[in-house]
Structures are given as structure tokens and as C-alpha cells.
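Summary of structural features
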4 protein chains.
Amino acid sequence: MFFASDNAAPCPPAIMDALMRANAGFAMSYGADAATTALRDQIRTLFDAPEAEVQLVTTGTAANALALALYTPPYGSILCHRHAHIEEDECGAPEFFTAGAKLHLIDGAHGKITPDALTTALAGAGGAVHSVQPSALSLTNVTEAGTVYTVAEITELASIAKARGLGVHLDGARFANALAATNASPADMTWRAGVDVLSLGGTKNGLLAAEAVVLFDPSKAWELALRRKRAGHLTSKMRYVSAQMAAWLDGGLWLDMATHANAMAARLATGLAMIEGATLAHPVQANIAFARLPASAHARAKAAGAVYYDMGDGLCRLVCSWCTTADDVDALLAAFNG
Amino acid sequence: MFFASDNAAPCPPAIMDALMRANAGFAMSYGADAATTALRDQIRTLFDAPEAEVQLVTTGTAANALALALYTPPYGSILCHRHAHIEEDECGAPEFFTAGAKLHLIDGAHGKITPDALTTALAGAGGAVHSVQPSALSLTNVTEAGTVYTVAEITELASIAKARGLGVHLDGARFANALAATNASPADMTWRAGVDVLSLGGTKNGLLAAEAVVLFDPSKAWELALRRKRAGHLTSKMRYVSAQMAAWLDGGLWLDMATHANAMAARLATGLAMIEGATLAHPVQANIAFARLPASAHARAKAAGAVYYDMGDGLCRLVCSWCTTADDVDALLAAFNG
Amino acid sequence: MFFASDNAAPCPPAIMDALMRANAGFAMSYGADAATTALRDQIRTLFDAPEAEVQLVTTGTAANALALALYTPPYGSILCHRHAHIEEDECGAPEFFTAGAKLHLIDGAHGKITPDALTTALAGAGGAVHSVQPSALSLTNVTEAGTVYTVAEITELASIAKARGLGVHLDGARFANALAATNASPADMTWRAGVDVLSLGGTKNGLLAAEAVVLFDPSKAWELALRRKRAGHLTSKMRYVSAQMAAWLDGGLWLDMATHANAMAARLATGLAMIEGATLAHPVQANIAFARLPASAHARAKAAGAVYYDMGDGLCRLVCSWCTTADDVDALLAAFNG
Amino acid sequence: MFFASDNAAPCPPAIMDALMRANAGFAMSYGADAATTALRDQIRTLFDAPEAEVQLVTTGTAANALALALYTPPYGSILCHRHAHIEEDECGAPEFFTAGAKLHLIDGAHGKITPDALTTALAGAGGAVHSVQPSALSLTNVTEAGTVYTVAEITELASIAKARGLGVHLDGARFANALAATNASPADMTWRAGVDVLSLGGTKNGLLAAEAVVLFDPSKAWELALRRKRAGHLTSKMRYVSAQMAAWLDGGLWLDMATHANAMAARLATGLAMIEGATLAHPVQANIAFARLPASAHARAKAAGAVYYDMGDGLCRLVCSWCTTADDVDALLAAFNG
């Protein structure tokens, strides 16, 4: 009954096997190996983006901050949701990598920015030399509230941003879960919707540590490479990172795992809805549920060994991963129900 | 016959086995797992430094830049050898992490700084508000030239630095090789010699990607943690990093591998010395040889499939790793000899 | 009828005379001149702070950003009012000078932070490594809304901040107006109230370009000096900056001018209150009035040559300076009245 | 007998008069005043560069660092002479404003970079992701050694830099002296020679505090404006800065003063050459002489009240300004001669 985070789960055998296979003989370092080249092509094909630049890192924070630095000068601002991971959970990484840009926080229900809110925010931003200039829009899908933007929503938001000349970033720490939730293609949810750069997250969905910056404007590729190196994020033995991600994408494993995690969260949401005194704080659209429960329910669950984040006032966050089982979910629900 | 770099070698079975064992069940993320706690204690014991702070990252550049940022304000300077890795091979990472400090380059034969050179450099540095202030000394052991500082040499240099109030950093990307070369203990080569913070490198000596910042002044531990997170270097599934390093240190595997790599380089050096027209550019004291060879020797080696870095004018760098064999060395020498 | 800003006013004769007198013979540069030494002592005496460090700059943005950088590491945050000058009008200078810290915005009526709002903001800030750590509180007096904190209010806010270990900065771009409004002494409104560092603004109150960073903790003096130089804010011919400020402080000229400007704003406020359809958006407590007026009133004033900032929806900002006359005020009121 | 620095001199009456005239009535702040507009046009005309952007600051360090930041990304390097002001006397300002770029130091006799040295430096710079990329060349004219680049020399150096895609910056803290020394036109010494951006210094040649960034590529004008504001270098009462510079340029006053200062240094050099035991360390080509003199000569000069910088080993720097007189020079020479 471990619902604390999807990054506390182990990795599936296919990933570990791939790591073992990668551990054969010498391979040129810093990404000049065959496995990395192959993976980059694999991702380009998957995104129907033959010109896209793909660069690997090992944390989502690095992927986000590097991606944003390509579109945000020091005197710029990044528009994002008030509760975006880049604002609340990265200890100022975007400010560090951009050399001091500002995050412009936008409120919105259930972790999502609405077109109206974005339009309003942009209307009051920049123009005069006295303030920072809006430079990038950063969306997160799956959102921090566990909700999902549709392709149409991303397209509309990106279009508003682009009309002001902003770059559009998608924090896809749980991109596979967002695809699974919407049945969208990788291309439809990214460059066809106006996304310029994607943080493609693997770690929260079954990898040891592997994220890709997928950059749809290859003219910034060299800058990205230099920024990655300068930030200490150019892994020397890249083959081990590439191997993880290749195995994850192979045969759609990433989507299978995400689909499963989403299904477990749906099962959880269904069960929570039937618990007396329980309410869902946000629609459960991917692999995360936020629920308010009576103190007694929490006490029973904790006593039964459930692990999850308490957020105060009875609110909790419950995250399902690729290895959460229906039994885990049912056991948690049973404990909550008492 | 792969002598290009030790970071092109695969990982030994013990490390891969440890990774597999680490892949069991859930584990709290961001270093709050049992394996990471145990590793931190293991390193403290190994260094006879019960109060030391240990934080893991996955690249040497990150370890170096984070360590230096603890001792160098933006208006400071880092004294280092002209050919230090932090100057030549990190794309300005120290400048990035320190928010714009300067590297103060010191010349010296065979990759080493002499006490006189350090004294002279410090004599002309800082004091007035018009220039940056000397803040840290960064030494590298094994040096970029493949030579090794003795404990006595480090002690003398650190003492000069400390007399001016500088922090002392040791870039130990090949720390195990330096220990193996000198028979020094980890404590003797670091805090007992005046080193404040060590970049303890595992990746070049058999790990997939694991480096530790070992900080002998624990009062800076919280700052280090925040800087690591902010730089995107707080790995979420830390257990996989910790598992690598624990297995590497267990039973002295790290030193065994380093001793082997050093022995292979010694064998290589001995052979090179007997090749007509060949000269060693630097004393071979650890696992790296720099040699000047006739063009014909290079041509034969390349034709025989040898891989190594050509540095121009007949000079090449030959690096031995934990998995370089005597046969590899002999084959290379045979090819050079023609 | 110029009410656009106090920094559009000319300088009084006493200041220009002082400049002329300063222009005699050679004087050591970079602040090593007698006039600068004398001014520093003058300010220490005025603030009853014999140990305080005083360093001059020529813009308020520089004073603020330098002061804040002394108390805010890159991984820190500065708590300030949502409409603080440092947030809205400095193009990210605090982020630049701190190397990427975050501004943590606090809402509050009439430009002021309440103790409750500060307490709430701090309760949710920092602690874990995933977010920036609260580092400084920045108050502004006179506020951007033209209101004034009393000494008691500053004391209470500073006390809350200090209980969490924060540094306390006072943006005193209109410090003289705040003193004049409250009859407080410089010491009472600063270090005795818990302020660690003050931006003492002269430019908005009659100087050409002169601001002082008054630092009540002299242990940071050297850091301030280096940061000032590094930012290009160490004026070489300092005597001309010092001469301005000395003449301004001499005989209480600064307070006389501020008192006059405040009185003019009070006269304006009184008149505005009698205009049908006019409302004051904030209490007028110093030299600035914010008023909502009918479109017809604005049209008449503009036609009569009045210059001031339109903020949309009938709201305008009217700033009085040392050289605003009662006739100016009355003429503006007459125009508004029609 | 004040030869310490040209920035220790007072300002000529024409400048002070201009300041007084500028002090009339209200003027829009932040450069939106008529005097600033007129000055910008005046400079464009003077440089025969109708499209050039002109932005004022008050220190040379600010002008240099802002100019360089336009051409140097954080992962870039600035090639400059080892003894350039930006390296030795700005406390890391270029690193601050560029967010951590590196200065790539080039040796050269008499403060000058030779084409060969530049070519060699560039040959070994950049290319791979492991190192910073050469981004800008910064020349200084008059150099720190008091020598002068001819237009032909600048043209050749700029051409080498541009062939590698670098931006070219000219630190013209003593630009007027360089023009006076070479009889070149402002346009010939800057954009026609390949200079992209000039720091046009006024402070060392008779102004209180006024420098202009003259940017020959206006596409970077908005970025410059934002960076200037963000650095706290947008002076609010700009009219006083503009007035100084306008009066300085009017009727060629700036060149007259520079010509005089150069002539005084030439007189000094002639005299020094006749002193037994004295040698000039560098050719005296503008307003600065570096001389080695016997200890006895120094002792006599100091006893006679001469003020200048001692650089150790008998070497001294002697700077002439617009107000140095022939009598001053002769008195100093007499004292040296004993």
C-alpha cells in the first residue's frame, strides 16, 4: 500500500534487462555511442519530428530548467500555474538556469490554466522597460493536481502564448500518463499543438533516472548541448541512460505502464467516491488522486501500513504507479472504509 | 585496445548485481531511503569523519561545481591549474554554479601546482575592491596530466591556501587511483591534509554514474542540499546511485580496480619507454599515460584497431581502466613497435 | 501642473551649489575622498549608528538589489508586497543581484503587509529542500500606494521576520517623506525597529542621483563593497554624489522638502475629497495621492496641461515633490472640478 | 602635481554650466526627456551611424559589462588582453552581467593584442561541448598600458574575430584620447573597423559621471535597455547625464581636452627620457606614462607633493588629465631630476 509517489516504485524487469545488455564492452562517452544515436532516432520517429533535437538528462528538474532557459532570457518571465512543479518543487531551478528570470504565477482550478487567465496575465505583462518581459509559457501535463489538459486545450493556450511571441514548454514528467488519458499521439500533444520543447519524463514511470528534452526547434540544439554540459547534466556513460529509455519506449511499454497506473487511480477514485465523508479535491484523470477523508479513515489506513502524503486538513495525495496492483488499491480503500 | 577514456569502460558484475538487488519494492525518494543512509555512514567511516556530510550526484562536473560554490562567492576566484578539468572541460560549470566567480589559472609542470606558484598567485590576488577575491583552491588528484600529488604536497598547498582563508577543494574524479598510487588513506589525503570538500568520483572507476560530494564541514550541509536540488542534481530514485557506490566501496573493490588500472598504465609506460622515438610527456603515476610517438607508430596502432585520443604533434593520451588487460596493453605496445 | 513623478522635478539651489563647490581641484576617486568620508560620518550620526556602513549608489534599484543580495542567497526568497517596487518596477534586479532568488509576493490593502499576512506567508514557506528558503523581508516606506508604515508596524513585521531568521530590508526611496509623515527619527524607523539595511533615497526628493545603502550590520561591509563594484555601481568621482547628499541632509533640508511635498499631497487630498464623483483609492499619508475621477475631470485637467499617470478606469497617480506649489495643487483641483 | 588618475580631476566649467542649465523645470524621467533624445541624435551624427542605439550609464564598468552581455552567452568567452580593465579592475562585472561567461586572456606587449596572438587563441577555443565558446573580442583603446591601437590594427583584429562569428567590443574609457592620438574619426575607429559596440567614456575626460553604450546593431537595443534597467543603471533623472555629455561633445570639447591631456603626457615622456636611470615601460601614445625611476627620484617627487601610483620595483603610472598643466609636468620632472 505504497501511494506516496510514483518515483518510489522500482523498475520493471524489461528496464533492468536493458541495463544489463547495455553493459557490454566499451562505448564512447558523452552520448557518442550507438545506443544514444538510436534512441534519438527512435524518439524522433515516435514524435513524427525528424528534425527534433533530443538530449537526455537524469532528473525532471534538469529537463525543465534547461528547456526553459532556451526560451527565457534573464529579463524574461515564465508564465505557469501557481502550483506548477517548477514553482513549488524545484528550489528555484528555473531562476538558476535562466540567470534570474521571474515566474509569473497564474491561478486556476484543478491545476490548470484557462485561456482567459492566460490572456489576462499577458495583458498586464511586459511592454515597458521597468518590468520583466513575458518569454515562455510552461504547462504541465499531467498537472500537479492530477488533471489532464486535452490536446485542444494545449493548442488554445499555446496559440495565445505564441501570439505574444512566447516559447511554449510542456513539463511532461508524467507525459505518458497524459497520453494514456487522452489517447493523443505524442506529436498531437506537442509540436502540432504548438509546444516548442518537451520535458519527456521517464523516471516517474518506471525508469531508474532518464528524462529527455525534446526540442522541436533544432536551431537551439547547440545551445541546449552547451547548457546541459555547463549544468553538469551531460552524463558520461550515456549508454545506460539511453538503454533505459529505449526499452521503455519499445513496443509501447511506457504507455502500457501509464495506462495501468491511470486505471489504478480510476479504481481508487471510484472507491473513494463511495466512502462516506470522502471527497475528491480534483477530478482524477491520470494516476493521481487528491482526496479529503475523515481523520478516522486516515488513522485506519496508516495503521494498516498505507504510505501516502498528508497535506493537512484531511487532504491527502495518492499516487499510483506502474506496479500498483488492484489489490493494493482495494486494500487501501478497505482500510479507509474501516 | 580501447584507451580513449576510463569512462568508456563497462561496469563490473558486482556493480550490476547491486543495482539489481536495489530494485526491490518501494523506497522513499530523494535520498530518504535506507540504502542512501547506509552509504553515507559507510563513507563517513571510510574517511574517519563521523561528522562529514555526504551527498550524491551523477556527474563529476556537478560534484565539482557544487563543492566550489560552497566556498566561492560570486565576487571570488578559484585558484586552479591552467589545465584543470574545471577550467577546460566543464563548459564554465564553476562560473555557473558560483554565479560568476573567476578561475585564476596557475601554470605548472605535469599538471601540478607548486607551493611557490601558489604563493605567487596569491600574493597578487585580491585585497582591493577592484578585483575578485581569492576564495578557493581546487586541486585535482590524479591530475589531468596523469600525475599524482602526495599527501605531503596536498598538505603544503592547502596550508598556503588556508593561511589566506581559502577553502580547499579536491577534484577526485580519479581519487581511488590517487589513493592506490600513494597508499594513502582517504582521511590522510583529504581532511587531515586540509581539504574541506572532496569530489569523490566513481564513474571513471567502474560505476554507471555515481559521484559523492564529501563535505568535511557539516555546517554547509543544508546549503549543499539546496544547491544540489536547485541544480537539478537531486536524483529522485537515489537508491540506485547509492547501491552502485556502496558495492564499489564494499571490500575495497574501488581500490582493487584502481590498483589494477594503475598497474596497466605502469606496464604501458614501461613498454613505451622501450619504443624507439617514443617519449613520455609526463611521469606515469596512476592510470593515464601521455606519450609522443612517431607518426608511423600511430598509424600502425590505429590500423590495429586501437582507440585513443590524438592530441596533435604525435602526442596521445592513453587511459587504462579497471577492465584493461595486460593483453590489451601488450597488443597496443606491439602495434606501436611495429 | 506636473504630478507625474517626484523624479521629474529639478534640484533645489542648495544641491546645485554643493555640486559646484565640490568641483574644486583633485580628489581621490572611488570614494577615497574627504567629502565621502565626511558624509558617511554624517549619516552615521544622523542614524545614531556609529558602526553602520554607508555606501553610495546612484539609483534606487541598485540600492535595493545590493541590499537584498546581502541577505538572500540564490536559493532564498524575499517576502514583499505584491506591488512592491522591487517586484513591479525593477525588471528583475533583485533576481539578478541575488543570482536567482525568488520574490514571494504578499497581498495587502493600500500597499501594506499585515502581520497576519506575513505570518501566513512564512508558515508555508521553506523547510524542505524542494523549495526556496525565506531569507529576507523587504518593506517599502513610503509604500507604492502612498501610505506609510508607522514605527510600531515596522517593528512588529521585522520581529516576525527575525523570528524566522530573515534579514529585514527597508526600501526608503521616499524615506524622508515617511519620516516627515510619522515624525519618527531615522534610528527609530530603521535599526531600532529591526531593519538590517536601508535604501536611503535622495533622488526622488531633490537630488540629481544619489542613494545610500545604510547597513546596520557592518560585518557585511566588505561584501557590499565588492558587490557594488562588480555591479558597476562604484562611482569613480564619488565626491559629486557625496556632495549632493551632504547638502541634502545639512540642516534638515531633506526633511523640509519632504514635509513640503507631503503637505502638498494633503492639500490635494483634501481638495479631491470635495470633488463630486472623486474617490481616493488609498489614504494619502505622504506625497502621493491615488484618485478615481470621472472621465470629464481627467479631460479638463489634461486640457489644462496637467501631467500625471493614468492607470486606467479613471484611476490616476498624483505625486507631489519638493517644488510642487500650492498654486499647482489648486490649479489641478480647479481643472478637475471644472 | 596630481598624476594618480584622470578620474580624480574636476570637471571643466562648460560641463558644470550645462548641468546648471539642465536644472530647469520638470523633465520626464528615465530618458524620456528632450535632452536625452537630442544627445542620442548628436552621437549618431558624430559617429555617422544614424541607426545606432545610444544608452547612457554612469560608470565605465557598467558600460563594458552591459555591452559584453549583448554578445556573450553564459556559455561563452570574451577574448581580451591579460591586463584589460574588464579582467583586472571590474571585480568580475563581465562575469556577473553575462551570467558566468569566461574571460579568455591573451598576452601581448604594451597592453595590445596582436593578430597572431588572437588567431592562436581562437584556434584552440571552443568547438566541443566541453568548453565555453568564444563569443566576443574586447579591445581597449587607449589600452591599460597607455598605448593606442590604430584604426588599421582594430580593423585587422575585428576581422579575425568576425571570421569566427564573434562580436567586437571596444572599451573606450579613454576613447577621446585614442581619437586625438590617431586623428581617426569616431566612425573609422568603431563600426567601420568592425566594432559592434563601444563603451564611450566621458568620466575620465572631464565629466562628473557619464558614459554611453553606442550599439551599432540596433536590433539589440531593447535587450540593452532591459539589461540596463535590470542592473540598476537606468538613471531616473537622465537629463543631468545627457547634459554633461552633450556639452562635452559640443564644439569638440571632448577632443580638445583629450588632445591637451595627450600633449601633457608627451611632454612628460620627453622629460622622463632625459632623466638618468629612468626608462619608459611602454610607449607613451596618449595621456598615460609608465616609467621606472630610481628610488631617489620617487622619494624626491613624493616629498615635493606629487601624487601617483607606485606599482613596485620603481615602476609608476603617471596619468595626465584635461587640467594637467605644463607647469605640473615640469614640476614633477624637476622633482624626479632632483
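Residues numbered from 1 in each chain as written. Chains lettered and ligands numbered in written order. Predicted model: local features only at pLDDT ≥ 70, side-chain atom pairs only at ≥ 80, totals over all residues. Heavy atoms only, no water.

Some remarks on the overall build of chain A
Each helix and strand counted, chain A has 14 helices and 11 strands in total. Computed over the C-alpha atoms, the radius of gyration of chain A is 20 Å, within 12% of the 20 Å expected from 2.2 N^0.38 for a compact globule of 338 residues. Overall size of chain A, expressed as C-alpha extent along the three principal axes, is 60 × 60 × 30 Å. Here chain A, with 338 residues, has 65% of them falling under the buried criterion. Of the contacts formed within chain A by residues at least 6 apart in sequence, a portion of 75% connects residues at least 24 apart. For chain A, the exposed area adds up to about 10500 Å²; of that, 55% sits on carbon and sulfur atoms. (Helix = DSSP H or I, 4+ residues; strand = E, 2+ residues; numbered from the N terminus. Rg over C-alpha atoms; globule rule 2.2 N^0.38 Å. Buried < 20%, exposed > 50% of the residue type's maximum accessible area, 1.4 Å probe, protein only. Contact = heavy atoms within 4.5 Å. Areas by Shrake-Rupley, 256 points an atom, 1.4 Å probe, with all protein chains shown as cover.)

A closer look at the sheet that holds strand E2 (residues 76-81) of chain B
Residue and element names in this part refer to chain B. Strand order in the open sheet formed by seven strands is E1-E7-E6-E5-E4-E2-E3, with mixed pairing between adjacent strands. Of all the strands in the sheet, just strand E1 (53-57) and strand E3 (102-106) have a single pairing partner and so form its edges. Geometrically, the sheet is characterised by an average inter-axis angle of 20° between neighbouring strands, direction not taken into account. Relative to strand E5 (residues 167-172), strand E4 (residues 133-140) runs parallel, the two being bridged by five bridges. Note that in E5 the partner of Ser138 across the bridge is His169. On top of the sheet, helix H10 (residues 221-230) reaches E1 and strand E7 (211-215); it is set at about 10° to E1, its chief contact. (Pairing = 2+ DSSP bridges. Axes fitted to C-alpha atoms, helices over the stretch in contact; angles between N-to-C directions.)

Concerning the pattern of salt bridges
Residue and element names in this part refer to chain C. This structure, assessed with the given rule, holds 52 salt bridges over all chains. The salt bridge partner of Asp48 is Arg192, with a shortest N-O separation of 2.6 Å. Here Asp48, found in the loop between helix H2 (34-46) and strand E1 (53-57), pairs with Arg192, found in the loop between helix H9 (186-189) and strand E6 (197-201); they are 144 residues apart in sequence, far enough to count as distant. Given the relative accessible area of 43%, Asp48 is considered partly exposed. In this structure Arg192 comes out as partly exposed when scored by relative accessible area, which is 41%. (Salt bridge = Lys/Arg side-chain N within 4 Å of Asp/Glu carboxyl O.)

Some points on the interface of chain B and chain A
Where the parts come together, the accessible area they lose is often given as the size of the interface. In this assembly, 48 residues from chain B lie in contact with 48 residues from chain A. In this assembly, chain B packs against chain A so that about 4300 Å² is buried in total across both faces, 61% of it on carbon and sulfur atoms. Where chain B meets chain A, there are zero salt bridges. Applying the counting criterion to the chain B and chain A interface returns 31 residue pairs in polar contact (both at pLDDT 80 or more). Only helix H1 (13-22), helix H3 (60-69), helix H5 (93-97), H10 and helix H11 (239-249) of chain B provide two or more residues apiece to the side of chain B that touches chain A. For the side of chain B that touches chain A, the residue count by class is 25 nonpolar, 15 polar and eight charged. (Buried area = accessible area lost by both parts, 1.4 Å probe. Polar contact = N/O pair within 3.5 Å; in protein donor to acceptor, adjacent residues only side chain to side chain. Nonpolar A, V, L, I, M, F, W, Y, C, P; charged D, E, K, R; others polar.)

Some remarks on helix H3 (residues 60-69) of chain C
Across the 10 residues of H3 of chain C, nine count as buried, placing the element largely inside the fold. Along H3 of chain C, the residues classified as buried are Thr61, Ala62, Ala63, Asn64, Ala65, Leu66, Ala67, Leu68 and Ala69 of chain C.

Some words on the relation of the copies chain C and chain B
Turning one copy of the chain about an axis and sliding it along that axis gives the other copy, so a rotation and a shift relate them. The transformation that overlays chain C on chain B combines an axial shift of 0.0 Å with a rotation of 180°, and the residual RMSD is 0.0 Å. Here the copies are linked by what is in effect a two-fold axis. When C-alpha positions in chain C are compared against the rotation axis, the closest is assigned to Ala99 of chain C, at 3.0 Å. Both copies share a contact surface, since 100% of the interface residues of chain C are interface residues in chain B too. (Least-squares fit on C-alpha atoms with pLDDT ≥ 70 in both.)

Topic: the environment of Asp107 of chain A
All names here are of chain A. With respect to the helices and strands, the residue Asp107 is situated in the loop between strand E3 (102-106) and helix H6 (115-123). A C-alpha to C-alpha distance of 20 Å links Asp107 and Gly167, two positions 60 residues apart in sequence. With residues up to four places along the chain from it excluded, the contact list for Asp107 reads His81, Arg82 and Ala117.

A few points about helix H12 (residues 253-273) of chain C
End to end, H12 of chain C covers 30 Å across 21 residues, agreeing with the expected 30 Å (1.5 Å per residue, within 8%). Of all the residues in H12 of chain C, the buried ones are Leu253, Trp254, Met257, Ala258, Ala261, Asn262, Met264, Ala265, Leu268, Ala269, Gly271 and Leu272 of chain C. (Expected span 1.5 Å × (residues − 1).)

With respect to the domain arrangement of chain A
All names here are of chain A. Domain assignment breaks chain A into domain 1 (13-251) and domain 2 (253-337). For domain 1 and domain 2, the distance between their C-alpha centres works out to 27 Å. Of the roughly 1800 Å² buried between domain 1 and domain 2, counting both surfaces, carbon and sulfur atoms make up 61%. When residues of domain 1 are sorted by the area they lose upon contact with domain 2, His110, Arg174 and Asn177 head the list and together hold 23% of the total. Across the contact surface, domain 1 and domain 2 share zero salt bridges. Broken down by secondary-structure element, the contributors of at least two residues to the side of domain 1 that touches domain 2 are helix H1 (13-22), helix H8 (175-182) and helix H11 (239-249). In terms of residue count, H8 provides more of the side of domain 1 that touches domain 2 than any other element does, six residues in total. Partitioned by chemical class, the residues of the side of domain 1 that touches domain 2 number 16 nonpolar, seven polar and three charged. (Domains from an automatic or database assignment.)

Quick notes on the interface of chain C and chain B
Each partner contributes to the interface: chain C provides 20 residues, whereas chain B provides 21 residues. Buried surface at the junction of chain C and chain B, summed over both partners, amounts to about 1700 Å²; 68% is from carbon and sulfur atoms. The largest contributions to the chain C side of the interface with chain B come from Tyr75, Val129 and Arg230 of chain C, which together make up 37% of the buried area. Along the contact surface separating chain C from chain B lie zero salt bridges. Inspection of the region where chain C meets chain B yields eight residue pairs in polar contact (both at pLDDT 80 or more). Ranked by residues supplied to the side of chain C that touches chain B, first place goes to helix H10 (residues 221-230) of chain C with seven residues. Grouping the constituent residues of the side of chain C that touches chain B by class yields 11 nonpolar, five polar and four charged.

Examining the pairing of strand E6 (residues 197-201) of chain B
Residues and elements named next belong to chain B. The buried fraction of E6 is high, at five of five residues. Burial of the side chains of E6 extends over both faces: Val197, Ser199 and Gly201 are buried on one face and Leu198 and Leu200 on the other. The pairing of E5 with E6 spans four bridges and is parallel. Looking at E6, one finds that Asp171 is bridged to Ser199. Taken together, the five bridges between E6 and E7 define a ladder with antiparallel strand orientation. Counted as the bridge partner of Val197 is Leu215 from E7.

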